[in-house]
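# Report on the structure
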2 protein chains.
Amino acid sequence: MSAKVRLYVEQALGQGQTVPVARDQAHYLFGVMRLAVGARVALFNGRDGEWQAEVSEAGKRGGMLTCVEQSAPLRMPPDLWLLFAPIKKARTDFIVEKAVELGVARIVPVQTDFTNSERIRQDRLQAHAIEAAEQCGATMVPEVADLHRLDRLLDGWDAARHLVFCDEAQAGERAGMDAVPPGPAAVLIGPEGGFSEAERARLHGRDWATPVALGPRILRADTAAVAAITLWQTHLGDWR
Amino acid sequence: MSAKVRLYVEQALGQGQTVPVARDQAHYLFGVMRLAVGARVALFNGRDGEWQAEVSEAGKRGGMLTCVEQSAPLRMPPDLWLLFAPIKKARTDFIVEKAVELGVARIVPVQTDFTNSERIRQDRLQAHAIEAAEQCGATMVPEVADLHRLDRLLDGWDAARHLVFCDEAQAGERAGMDAVPPGPAAVLIGPEGGFSEAERARLHGRDWATPVALGPRILRADTAAVAAITLWQTHLGDWR
């Protein structure tokens, strides 16, 4: 019987390996989910694949899980980064969740000339990414980076990673993913106010950057993120 | 100067045509947005394209807009329907919003064997679709239908409309959009509990239905809706 609960843990996983359950997880596992000794839980840590573990001790203040068998190998997402300008809280959370489900390796919030937010709660977004990975069956959790300034990021860009950028000024044009080469990539979603002229100058005409158009309507940033990752995954990623 | 406020209205639009402003819209236009006589508003009604209108009267209890010039022709989305099983409120709202932005002609909430919700607030979802159309520059608002039972819908299915269905039992397989013929289509997103055996029997092996896989991870229904519409639009719709 496969476990219904899937948890990301920090500890090493392997045959017979025990994993202590901390107080807050104990509340969830033994209180909310009512798991008793002998119940199954699926665990992953981003390194050792997915393991089925058995509850070997269950208490209010903690407990113990014991790895029984590996149920999936480690499967890394393709080497795709998502760069996006944070927007309202709910939509930012949504972008992180969707990026993990669709399959990216790294999520980089960027501050653009027309981005309102000066800071992000990196820890909260990382916790969100963990939850999404637990939910979608991933065996690895993408890193959520701290907020980076887009201009500096572009000035130091590694040309070996191809940048696919979605510029709403291009709505209605027919630029597709066909021009994007295989290999490490990043999808950059512009802020809802669009890119500034200075940002456009840094992006256009670069060998390592390709604009992509996403249909004739104006997409919100969260929609554009899901659409662009979907297209990259289908053309060059692990959806092929 | 192009208007920043875009409104869906029921009335006919044309050169010199006047459009009365009801009390609740007056509050938004003249109170919240502080538009005065002479200010511009963009209007569309799903039939006459987009018109720039001028505020010709502005009061607390109402006002009047006068059409000045057409700013965009009527542009219908492709003949694509989205069928989906309603989930939690926020995610259902999200699916409607995204479907409008990505470009569908009709949205049909369906009740499946494993759908929890027995009813929907059709009026609320329709209002959501209007808001999304106002936001994304569409000149037409997709109809949100009432809740339909999936089994009956499939039993009476018009074979001229090709059904693309996303079955999470197929996660990891490579079925793409290549097998989907051009022409009227519908994307069907299964409920998060998956399709029942009876539903699978109604879907598989039909000439008018093609399964599509959306990568190796398990997508939530809202993610699957955006991804599947994106792929159809790129292959067969108005993103080509």
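As named in an unreviewed UniProt entry, chain A is Ribosomal RNA small subunit methyltransferase E, taken from Arenibacterium halophilum. The UniProt entry for chain A carries the following comment under Catalytic activity (unreviewed entry): "uridine(1498) in 16S rRNA + S-adenosyl-L-methionine = N(3)-methyluridine(1498) in 16S rRNA + S-adenosyl-L-homocysteine + H(+)". As stated in UniProt under Subcellular location (unreviewed entry), the record for chain A gives "Cytoplasm".

Secondary structure summary: chain A contains six helices and 12 strands in total. Summarising its shape, the C-alpha atoms of chain A cover approximately 60 × 35 × 30 Å along the three principal directions. The burial tally for chain A puts 55% of its 240 residues in the buried class. If you average the places of the 27 positive and of the 31 negative side-chain charges in chain A, the two averages end up 5 Å apart.

Accessible area lost during the coming together of the parts is what is often quoted as the interface size. Between chain B and chain A, the residue contacts involve 32 residues of the former and 32 residues of the latter. Contact between chain B and chain A buries roughly 2800 Å² in total, counting both sides, with carbon and sulfur atoms accounting for 56%. Three residues stand out in chain B for area buried against chain A, namely Glu101, Arg217 and Trp239 of chain B, and they jointly supply 23% of the buried area on that side. Here chain B is connected to chain A by 10 salt bridges. Between Lys98 of chain B and Asp222 of chain A there is a salt bridge, and its shortest N-O distance comes to 2.9 Å. Connecting chain B to chain A are 22 residue pairs in polar contact (both at pLDDT 80 or more). For the side of chain B that touches chain A, the secondary structure elements donating two or more residues are α2 (89-102), α3 (122-136) and α6 (221-236) of chain B.

Turning to the packing of aromatic side chains, a few remarks are in order. Applying the stated criterion to the full structure yields nine aromatic pairs over all chains. For the ring pair Trp81 of chain A and Trp157 of chain A, a centre distance of 6.3 Å and an interplane angle of 80° mean the geometry is edge-to-face. Taken as a pair, Trp81 of chain A in strand β6 (residues 80-84) and Trp157 of chain A in the loop between α4 (150-155) and β10 (162-166) lie far apart in primary sequence, 76 residues in all. Under the relative-accessibility criterion, Trp157 of chain A is labelled buried at 12%. Measuring from ring centre to ring centre gives 6.4 Å for Phe165 of chain B and Phe195 of chain B, while their planes differ by 80°; the resulting arrangement is edge-to-face. Here Phe165 of chain B, found in strand β10 (residues 162-166), pairs with Phe195 of chain B, found in the loop between β11 (185-189) and α5 (197-203); they are 30 residues apart in sequence, far enough to count as distant. Summarising the burial analysis for this pair, Phe165 of chain B and Phe195 of chain B share the class buried. Among the aromatic residues, those joined into a cluster by ring pairs are Trp81, Trp157 and Trp208 of chain A. We note Arg161 of chain A situated over the ring of Trp81 of chain A; from NZ or CZ to the ring centre the distance is 3.8 Å.

Further remarks concern the environment of Val21 of chain A. All names here are of chain A. Locating Val21 in the fold gives a position in strand β2 (residues 18-21). Given a relative accessible area of 7%, Val21 falls into the buried group. In contact with Val21, other than residues within four places in its own chain, are Ala26, Leu29, Phe30, Gly62, Gly63, Met64 and Leu65.

A word on the side chain of Thr139 of chain A. Counting through the fold element by element, Thr139 of chain A comes out in the loop between α3 (122-136) and β8 (143-144). One polar contact links the side chain of Thr139 of chain A to the main-chain amide nitrogen of Arg75 of chain A, over a distance of 2.8 Å.

Looking now at the relation of the copies chain B and chain A. Once turned by 180° and shifted 0.0 Å along the axis, chain B lies on chain A with an RMSD of 0.0 Å. Taken together, the rotation angle and the small translation identify this as a two-fold axis. Using C-alpha coordinates, one finds that chain B approaches the rotation axis most closely at Ala227 of chain B, a distance of 3.1 Å. The fraction of interface residues of chain B whose copies in chain A are also interface residues reaches 100%, indicating that both copies meet through the same surface.

What counts, and where the lines are drawn
Residues numbered from 1 in each chain as written. Chains lettered and ligands numbered in written order. Predicted model: local features only at pLDDT ≥ 70, side-chain atom pairs only at ≥ 80, totals over all residues. Heavy atoms only, no water. UniProt positions renumbered as here; feature names shortened; annotations may be inferred. Helix = DSSP H or I, 4+ residues; strand = E, 2+ residues; numbered from the N terminus. Buried < 20%, exposed > 50% of the residue type's maximum accessible area, 1.4 Å probe, protein only. Lys, Arg positive; Asp, Glu negative; His and termini not counted. Charge placed at Lys NZ, Arg CZ, Asp CG, Glu CD. Contact = heavy atoms within 4.5 Å. Buried area = accessible area lost by both parts, 1.4 Å probe. Salt bridge = Lys/Arg side-chain N within 4 Å of Asp/Glu carboxyl O. Polar contact = N/O pair within 3.5 Å; in protein donor to acceptor, adjacent residues only side chain to side chain. Phe/Tyr/Trp six-rings, centres within 6.5 Å; stacked < 30°, edge-to-face > 60°. Lys NZ or Arg CZ within 6 Å of the ring centre and 35° of its normal. Least-squares fit on C-alpha atoms with pLDDT ≥ 70 in both.

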